[in-house]
Amino acid sequence: MADDLFNSFMNGPDEKGRFGNYGGRFVSETLMPLILELEAEYDRAKDDPAFWAEMNDLWANYVGRPSPLYHAERLTEHLGGAKIYLKRDELNHTGAHKINNVLGQILLARRMGKKRIIAETGAGQHGVATATVCAKFGLKCVVYMGAHDVRRQAPNVFRMRLLGAEVIPVTSGRGTLKDAMNDALRDWVTNVRDTFYCIGTVAGPHPYPAMVRDFQSIIGKEVRWQLAEQEGEGRLPDTVIAAIGGGSNAMGLFYPFLDDPSVGIIGVEAGGKGVDDKMEHCASLTGGRPGVLHGNRTYLLQDDDGQILEGFSISAGLDYPGIGPEHSWLHDTGRAEYVSITDKEALEAFQLSCSTEGIIPALEPSHALAHVMKIAPKLPPEHIIVMNMCGRGDKDVQTVARYLGFDMSDTEGRETD
Amino acid sequence: MTRIDAKFEALKAQGQKAFVAYVMAGDPDYETSLEIVKGLPCAGVDIIELGLPFTDPMADGPTIQLAGQRALDGGMTLQKTLNLATEFRKTDQDTPIVLMGYYNPIYSRGVDKFLIDAKAAGIDGLIIVDLPPEEDEELCLPAQAAGLNFIRLATPTTDDKRLPRVMQNTSGFVYYVSITGITGSAEAEAGDVGPEVARIKAAGNLPVVVGFGINSPEKAAAITRVADGAVVGSAIVSRIGRGDTPAEVLAFVKTLADGAHSN
């Protein structure tokens, strides 16, 4: 831990919701009173043992936490360097880390007496998690999803509908996560009195980035004690690594290690077709600059006029032109390193995970794994890498089949021409 | 005294209420848009709200979203929006222009540079939807220091406890958003609006104009019976969107202005 409180990386955000210059509350006046109310309620809940008792019970018995910390032996052997552990958040109920946060927000919504829940979703994992928890608590659930994502993530759309949610395809813009978030915000402004907006990542106006981080931090907290159990008391990872769209799974893994200087922290952005001036990527930190969107100041993909650009990634979950403000701050301060991985590299990692570990990963953590593949061979065997396997790949099988040239309608699984 | 303050004084002296018209700069293209804006004062518009196009207009309904897209597709930028204001000022020195939009294009240009350029272009006030009082240091305070009015939105969710915060650091007028919602959606009811306008006027000494959900001369008339002015946006923009000529658009604006001025 840090020697003195003022040098800690864990004190953010400040009372204005800022991490350094990032974050804040850039929302319309209609939403401001509710956002202040939410902040007050979250502050109360945070110090309420009853709130955490309920969270812990649900995490254990509904989600299946703790998720295993798994020594990936064959992957380690294959790469021939660092010792690789996977944090198995893909084994959670609903198949990703998203539900960690959704449970927290829905319990808050219940405390605030809100009966209608709205959410945005990209890959559909946050939408499925929200629809799931709403079903469990009997709440009305409306999910905004870009029309483009509705097409490429059809299984998750059906899942949400089975769970009783209304899925609204968003046609504005290019029909991806950014546009879904715009429409969710428009819904919220219209129905502000009875509606709770369950944001799926560490972005949006304060207090969302801090609140979602706190709920996801269960990931990193578990890694701390699990690694100590397996490697000996006090043993910390040498490197923690996670994929970043908005950055919630990464923040959840990173946060508990921010004040441990021996722990290297790496966030992996979606490099799409490559981070260059063609902007066919979603690497906000490597290819963007600071701006204001969706309630916070953070690194954004934008043109010279401050117009927001559409990102591009094979992974719907990373297809967002911004990033959580705390990541922007960790980037500027140098506490964390941010790199990008292309679609092609992620697809290679996807297949390696399948063939060496029998784990079909989501395309999002495949990006993190692709970076592990780059660095692990150069590191000594005593170097411990913990990578967040934040989602499972069932939802991506069709996309991957298409990229690899397999015809899913052909039961022989032959390659197409 | 800004052009906005002068305008409200003049209207008061004449016993009239303000009619405020919103159009998106560069919609459907720069030249047509300039022609419409130049015609607004003659059509009875007291204050022009000039929309600054943005890719992600989170408080706007489909009508104004599409207008912004048309403008951006036509190559509109913040600089060209300021150019449009500059051209307008060559023909009109009295009608206030309020720039309405979102923060990022301004932040991207740099606040200090923007304020100098906006002032030079003859912009009188700013309405920036995603800058609540909590973010006053960003643009509101620098804008006031630069001699521009920073016009605040008050909404049905702005309760008595919060109202003083909203009134602080605001100038020119207060824009009361008559509905919880986005532009061009539900219709404003004058009966609901009257007490709210009175509440806001009691909290400060500024004129209160009402916008969102006003789409006809009758509605405009009903609103100016209880407020200091009425704003019409989507109803005008939708006519531009469907391809009405500038003359047709301005004729419609005239009917709205007559409605707003009928009290």
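Definitions and limits used
Residues numbered from 1 in each chain as written. Chains lettered and ligands numbered in written order. Predicted model: local features only at pLDDT ≥ 70, side-chain atom pairs only at ≥ 80, totals over all residues. Heavy atoms only, no water. Helix = DSSP H or I, 4+ residues; strand = E, 2+ residues; numbered from the N terminus. Rg over C-alpha atoms; globule rule 2.2 N^0.38 Å. Areas by Shrake-Rupley, 256 points an atom, 1.4 Å probe, with all protein chains shown as cover. Lys, Arg positive; Asp, Glu negative; His and termini not counted. Charge placed at Lys NZ, Arg CZ, Asp CG, Glu CD. Core = buried A, V, L, I, M, F, W, Y, C linked by side-chain atoms within 4.5 Å. Buried < 20%, exposed > 50% of the residue type's maximum accessible area, 1.4 Å probe, protein only. Contact = heavy atoms within 4.5 Å. Phe/Tyr/Trp six-rings, centres within 6.5 Å; stacked < 30°, edge-to-face > 60°. Lys NZ or Arg CZ within 6 Å of the ring centre and 35° of its normal. UniProt positions renumbered as here; feature names shortened; annotations may be inferred. Pairing = 2+ DSSP bridges. Right-handed = clockwise from strand over helix to strand, strands pointing away. Axes fitted to C-alpha atoms, helices over the stretch in contact; angles between N-to-C directions. Salt bridge = Lys/Arg side-chain N within 4 Å of Asp/Glu carboxyl O. Polar contact = N/O pair within 3.5 Å; in protein donor to acceptor, adjacent residues only side chain to side chain. Expected span 1.5 Å × (residues − 1). Arc of directions from axis to C-beta.

Counting its secondary structure elements, chain B contains 12 helices and nine strands. A globule of 263 residues ought to have a C-alpha radius of gyration of about 18 Å, and chain B, at 17 Å, matches this closely. By its C-alpha atoms, chain B is 45 × 40 × 35 Å across when sized along the principal axes. When the accessible area of chain B is evaluated, it comes to approximately 9200 Å², of which 52% is carbon and sulfur surface. For chain B, the separation between the mean place of its 23 positive charges and that of its 34 negative charges on side chains is 3 Å.

Let us look at the nonpolar core. If you look at the biggest cluster of nonpolar residues, it comprises 189 residues, and the most contacted ones within it are Tyr103, Ile123, Leu126, Leu139, Tyr175 and Ile236 of chain B. The contact partners of Ile123 of chain B, leaving out residues within four places of it in the chain, are Leu82, Ala85, Ile97, Leu99, Ala118 and Leu148 of chain B. In terms of nonpolar packing, the next biggest core, distinct from the first, is built from 25 residues, Leu75, Val339, Ala376 and Met387 of chain A among them.

What follows covers the packing of aromatic side chains. Residue and element names in this part refer to chain A. The tally for this structure, following the rule as stated, stands at 15 aromatic pairs over all chains. An aromatic cluster is present here, built from Tyr42, Phe51, Trp52, Trp59 and Phe215 joined pairwise through their rings. Lying over the aromatic face of Tyr62, Lys136 brings its terminal NZ or CZ to 5.3 Å of the ring centre. Between Arg213 and the ring centre of Tyr255, over which it is positioned, the NZ or CZ distance is 4.0 Å.

Right, let's get into the UniProt feature "modified residue: N6-(pyridoxal phosphate)lysine" (unreviewed entry) in chain A. All names here are of chain A. Residues given the UniProt feature "modified residue: N6-(pyridoxal phosphate)lysine" (unreviewed entry) here are Lys98. Following the sequence through the fold, Lys98 ends up in helix 4 (residues 98-111). Once you skip the residues sitting within four places of it in the chain, Lys98 turns out to touch Gln125, His126, Ala129, Gly200, Gln216 and Ser248.

This part is about the pairing of strand 2 (residues 47-51) of chain B. As a general feature of sheets, a regular strand has side chains that alternate between the two faces. Residues and elements named next belong to chain B. Judged by how many residues are buried, strand 2 sits mostly within the fold: five of five residues are covered. With five bridges joining them, strand 1 (residues 18-24) and strand 2 adopt parallel strand pairing. The residue of strand 2 that forms the bridge with Met24 is Gly51. With helix 2 (residues 30-39) bridging strand 1 and the parallel strand 2, this β-α-β connection has right-handed handedness. As defined by bridge partners, strand 2 adjoins strand 3 (residues 97-101) across four bridges and the pair is classed as parallel.

Under the UniProt annotation, the feature "active site" (unreviewed entry) is placed at Glu49 and Asp60 of chain B. Position of Glu49 of chain B among the secondary structure elements: in strand 2. Leave out the neighbours within four places in its chain, and Glu49 of chain B touches Val20, Ala21, Tyr22, Val23, Val98, Met100, Ile127, Tyr175 and Val231 of chain B. Structurally, Asp60 of chain B can be placed in the loop between strand 2 and helix 3 (62-73). Residue Asp60 of chain B is classed as buried on the basis of its relative accessible area, which comes to 9%. With near-sequence residues (within four places) excluded, Asp60 of chain B lies in contact with Arg186 of chain A together with Gln65, Tyr102, Ile182 and Thr183 of chain B.

Bringing the environment of Cys140 of chain B into the picture now. Residues and elements named next belong to chain B. As for its placement among the helices and strands, Cys140 is situated in helix 7 (residues 140-145). Each C-alpha atom of the pair Cys140 and Thr170 lies 7.9 Å from the other, and the pair is 30 residues apart in sequence. If near-sequence neighbours (up to four positions away) are discounted, Cys140 is found in contact with Phe150, Arg152 and Asn169.

Turning to the sheet that holds strand 6 (residues 140-146) of chain A, a few remarks are in order. Residue and element names in this part refer to chain A. In space, the four strands of this open sheet follow the order 7-6-5-8, with parallel pairing throughout. Looking along the sheet, the strands with just one partner apiece sit at the ends: strand 7 (166-170) and strand 8 (195-197). The average undirected angle you get between the axes of adjacent strands in this sheet is 25°. Running over the sheet, helix 4 touches strand 5 (116-121) and strand 8 and is turned about 155° from strand 8.

What follows deals with the interface of chain B and chain A. Interface extent is often summarised as the accessible area lost during association of the parts. Each partner contributes to the interface: chain B provides 38 residues, whereas chain A provides 38 residues. Inspection of the region where chain B meets chain A yields six salt bridges. Residue Glu137 of chain B is joined to Lys16 of chain A by a salt bridge in which the shortest nitrogen-to-oxygen separation is 3.6 Å. For the pair chain B and chain A, the interface holds 22 residue pairs in polar contact (both at pLDDT 80 or more). Listing elements by their share of the side of chain B that touches chain A, those giving two or more residues are helix 3, helix 5 (103-109) and strand 6 (152-154) of chain B. The greatest single-element share of the side of chain B that touches chain A, amounting to five residues, is contributed by helix 5 of chain B.

Looking now at the pattern of salt bridges. Applying the stated criterion across every chain yields a total of 44 salt bridges over all chains. Among the ionic pairs, Glu29 of chain A bridges to Arg162 of chain B, the shortest N-O distance being 2.8 Å. Taken together, the residues Glu29 of chain A in the loop between strand 2 (22-26) and helix 1 (32-46) and Arg162 of chain B in the loop between strand 6 and helix 8 (163-167) connect one chain to another. Considered together, Glu29 of chain A and Arg162 of chain B belong to a single accessibility category, that of buried residues. Between Asp160 of chain B and Arg199 of chain B there is a salt bridge whose closest N-O contact spans 2.7 Å. In this pair, Asp160 of chain B sits in the loop between strand 6 and helix 8 while Arg199 of chain B sits in helix 9 (residues 190-202), placing the two residues 39 residues apart along the sequence. Taken together, the shared-partner salt bridges in this structure form one network comprising Arg18 and Arg297 of chain A together with Glu135 and Glu138 of chain B.

Here the focus is the side chain of Thr170 of chain B. All names here are of chain B. Inspection of the secondary structure puts Thr170 in the loop between helix 8 and strand 7 (174-177). For Thr170, a relative accessible area of 11% gives the class buried. Only 3.0 Å separates the side chain of Thr170 from the backbone oxygen of Phe150, close enough to count as a polar contact. Residues in contact with Thr170, not counting those within four places in the same chain, are Gln144, Phe150, Ile151, Arg152 and Leu206.

Right, let's talk about helix 1 (residues 3-14) of chain B for a bit. Residue and element names in this part refer to chain B. Taking 1.5 Å per residue as the helical rise, helix 1 with its 12 residues ought to reach 16 Å, and the 16 Å between its terminal C-alpha atoms agrees with that figure. Every buried residue of helix 1 is listed here: Ile4, Lys7, Phe8 and Leu11. One side of helix 1 carries all its buried residues, which in axial view fall inside an arc of 95°. Of the residues in helix 1, the exposed ones pointing more than 90 degrees away from the buried face are Glu9 and Ala13. Summarising the contacts, the buried residues of helix 1 are in contact with strand 1, strand 2, strand 3, strand 4 (125-128), strand 5 (149-150) and strand 8 (208-211). Following helix 1 by one or two positions, Gly15 adopts a phi angle in the positive range, close to 70°.

Let us look at unusual backbone geometry. With omega at -5°, the peptide bond leading from Arg65 of chain A into Pro66 of chain A counts as cis. Residue Pro28 of chain B is reached from Asp27 of chain B by a cis peptide bond, and omega for that bond is 0°. Residue placement: Pro28 of chain B occurs in the loop between strand 1 and helix 2. Residue Asn169 of chain B is not a glycine yet carries a positive backbone phi of 65°. Looking at the element boundaries, Asn169 of chain B is found in the loop between helix 8 and strand 7. Judged by relative accessible area, Asn169 of chain B falls into the partly exposed class, the value being 28%.

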